[in-house]
Amino acid sequence: MKVGEKNYRTIWLKEEEPKVICIIDQRHLPHHFIIEELHTTNEVAVAISDMHIRGAGLIGATAAYGMYLATIEASEKKSFEEHLQQSAKLLKSTRPTAVNLEWAVNRMLDAISTVQFVDEKLIIAKKTALFIADEDANHCKNIGLNGLSIIEEISKKKNGEIVNILTHCNAGWLAFVDHGSATAPIYEAFARGIKIHVWVDETRPRNQGASLTAWELLNQGVPHTIIADNTGGHLMQHGMVDMVITGADRVTRIGDAANKIGTYLKALAAKDNQIPFYVALPSSTFDWKISDGIKQIQIEERNSDEVKYMTGLCDGEIKKILVTPEKSNAANYGFDVTPARLITGLITERGVCKANEKEILNLFPEQK
Ligand code: MRU
């Protein structure tokens, strides 16, 4: 997607040095656009756990590139397999909720195990990491095309008046390799001249909405307004939201969806106001092994300082400030689960379906 006049993806191999991974270090956005180079599996693990990159799809793609570096490192060790398995374990331990992480690491291990010699393993590791990244971008593009018809229909019903879409957190291109999940239909609709406006939840505590989604939309020229997290319900009661689209970090086979903390409350408000609530996701975000999202999805708990402090630009410098009494306790649950019954539909790369097992498996019959 566009940053200024240039097109970027969120992750790529350095052209002159293909053993180096380049990422956009999202900790500095929206104020500074900084590209970071990652040289080792350990650096990749830190980039994921400390959220230099984040978002389910991008976590998966970064882990895949991390496994490519792990393969290079393993080829220089006495025990190839031991190093590879240790690296897989390290990468899987970086963040618990987005299933794309485990999915990508396992896919890399499977691919690497299909060939016998180290030279072949190096080739297949690189090829598979590149494939996972390209596939993520393509799936998001198709999510955009499939979600477009929903926005088109609302636009028609409103006789071409502005369609107001509310989104939570950042399920934009920064959360994937390109295009995004929740934002992909928005970008498609905007490109086709449909009048849209996006309400962007700030998404405390890390403000991925205010800092990342707003930055993305601004770069693409999409009209948007940032709102405090608790505003959505009020807007819905006053007819100012036509639909909600969020992303997801893990979706069960019956359609329960884990997403950034606060998503559940938006879904409740949408239900109470008969506003369609869609979850957009690529198939890599389904966890086919589980059904009950509330009982079975591990919710990440992060450092309470993320709640107690806020970071932003002050007099031209990035500063961190304390916004709570220093001695108060704070809790920082990263995600919540929206039960399938509150979700109008799932927008996937294969099409849109209701959030229930039968309809999901109609789109993905190989998971029956
Ligand atoms: O903690 P993050 O920033 O990695 O959380 C992920 C998210 O941005 C959201 O939950 C998003 O809506 C889904 S990720 C595609």
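This text goes with the structure placed above it.
Rules behind the numbers
- Residues numbered from 1 in each chain as written.
- Predicted model: local features only at pLDDT ≥ 70, side-chain atom pairs only at ≥ 80, totals over all residues.
- Heavy atoms only, no water.
- Phe/Tyr/Trp six-rings, centres within 6.5 Å; stacked < 30°, edge-to-face > 60°.
- Helix = DSSP H or I, 4+ residues; strand = E, 2+ residues; numbered from the N terminus.
- Buried < 20%, exposed > 50% of the residue type's maximum accessible area, 1.4 Å probe, protein only.
- Lys NZ or Arg CZ within 6 Å of the ring centre and 35° of its normal.
- Core = buried A, V, L, I, M, F, W, Y, C linked by side-chain atoms within 4.5 Å.
- Contact = heavy atoms within 4.5 Å.
- Near = heavy atom within 4 Å.
- Polar contact = N/O pair within 3.5 Å; in protein donor to acceptor, adjacent residues only side chain to side chain.
- Areas by Shrake-Rupley, 256 points an atom, 1.4 Å probe, with all protein chains shown as cover.
- Nonpolar A, V, L, I, M, F, W, Y, C, P; charged D, E, K, R; others polar.
- Domains from an automatic or database assignment.
- Expected span 1.5 Å × (residues − 1).
- Bend = angle between axes of the 7 residues up to and from the residue.
- Salt bridge = Lys/Arg side-chain N within 4 Å of Asp/Glu carboxyl O.

### Thoughts on the packing of aromatic side chains
Thinking step 1. Under the definition given, this model contains seven aromatic pairs.
Thinking step 2. Taking the centre distance of 5.0 Å and the plane angle of 65 degrees together, the rings of Tyr 8 and Phe 33 count as edge-to-face. A residue pair is termed long-range when its members are at least 10 positions apart, and Tyr 8 in the loop between strand E2 (6-7) and strand E3 (11-13) and Phe 33 in the loop between strand E4 (21-24) and strand E5 (35-38) qualify at 25 residues.
Thinking step 3. Considering the side-chain rings of Trp 288 and Phe 364, the 5.6 Å spacing of their centres and the 55 degrees angle between planes classify their relative orientation as tilted. Here Trp 288 is found in the loop between strand E13 (286-287) and helix H10 (293-296), whereas its partner Phe 364 is found in the segment after helix H12 (357-363), with 76 residues between them in sequence. No difference in accessibility class separates Trp 288 from Phe 364, as the two residues are buried.
Thinking step 4. The structure contains a cluster of three or more aromatic residues connected by ring pairs, namely Tyr 8, Trp 12, Phe 33, Trp 173 and Trp 215.
Thinking step 5. A cation over an aromatic ring shows up here: Lys 260 above the ring of Phe 335, its NZ or CZ 4.0 Å from the ring centre.

### Thoughts on the nonpolar core
Taken as a class, soluble globular proteins show a tendency for nonpolar side chains to be buried jointly.
Thinking step 1. Counting 40 residues, the largest nonpolar core has Ile 11, Ile 21, Ile 48, Met 67, Tyr 68 and Met 108 as its most contacted members.
Thinking step 2. Where this core is concerned, the elements lending two or more residues are E3, E4, helix H1 (41-49), helix H2 (56-75), helix H3 (80-92), helix H4 (100-113) and helix H5 (118-157).
Thinking step 3. Residues contacting Met 108, with those up to four places away along its chain left out, are Ala 64, Met 67, Tyr 68, Ala 125, Thr 128, Ala 129 and Ile 132.

### Let's talk about the site of the ligand
Thinking step 1. Taken together, 17 residues are adjacent to the ligand, and Arg 54, Arg 95, Asp 249, Asn 259 and Lys 260 come closest.
Thinking step 2. At 2.7 Å, a side-chain N or O of Arg 95 approaches an oxygen atom of the ligand.
Thinking step 3. At 2.6 Å, a side-chain N or O of Asp 249 approaches an oxygen atom of the ligand.
Thinking step 4. Considering the ligand on its own, with 400 Å² of exposed area, one finds that the protein chains cover 100% of that surface.
Thinking step 5. Taken together, the residues that form the shell around the ligand break down as eight nonpolar, five polar and four charged.
Thinking step 6. The two domains that each donate at least three residues to the shell around the ligand are domain 1 (2-135) and domain 2 (144-367).

### A look at H5
Thinking step 1. The end-to-end C-alpha separation of H5 is 59 Å, in line with the 58 Å expected for 40 residues at 1.5 Å each.
Thinking step 2. Of all the bends in H5, the largest measures some 30 degrees and sits at Gly 147.

### Thoughts on the pattern of salt bridges
Pairing between side chains of opposite charge can happen when their charged atoms approach one another.
Thinking step 1. Counted by the stated rule, this structure contains 19 salt bridges.
Thinking step 2. Close ionic contact of Arg 107 with Glu 135 constitutes a salt bridge, the shortest N to O distance being 2.7 Å. Residue Arg 107 is found in helix H4, and its partner Glu 135 is found in helix H5; the two are separated by 28 residues along the sequence.
Thinking step 3. Judged by relative accessible area, which is 24%, Arg 107 ranks as partly exposed.
Thinking step 4. Each of the salt bridges in this network shares a partner with another, and the network as a whole consists of Arg 95, Arg 206, Glu 300, Arg 302 and Glu 306.

In short, the description is geometric, and any link to function would need to be established separately.
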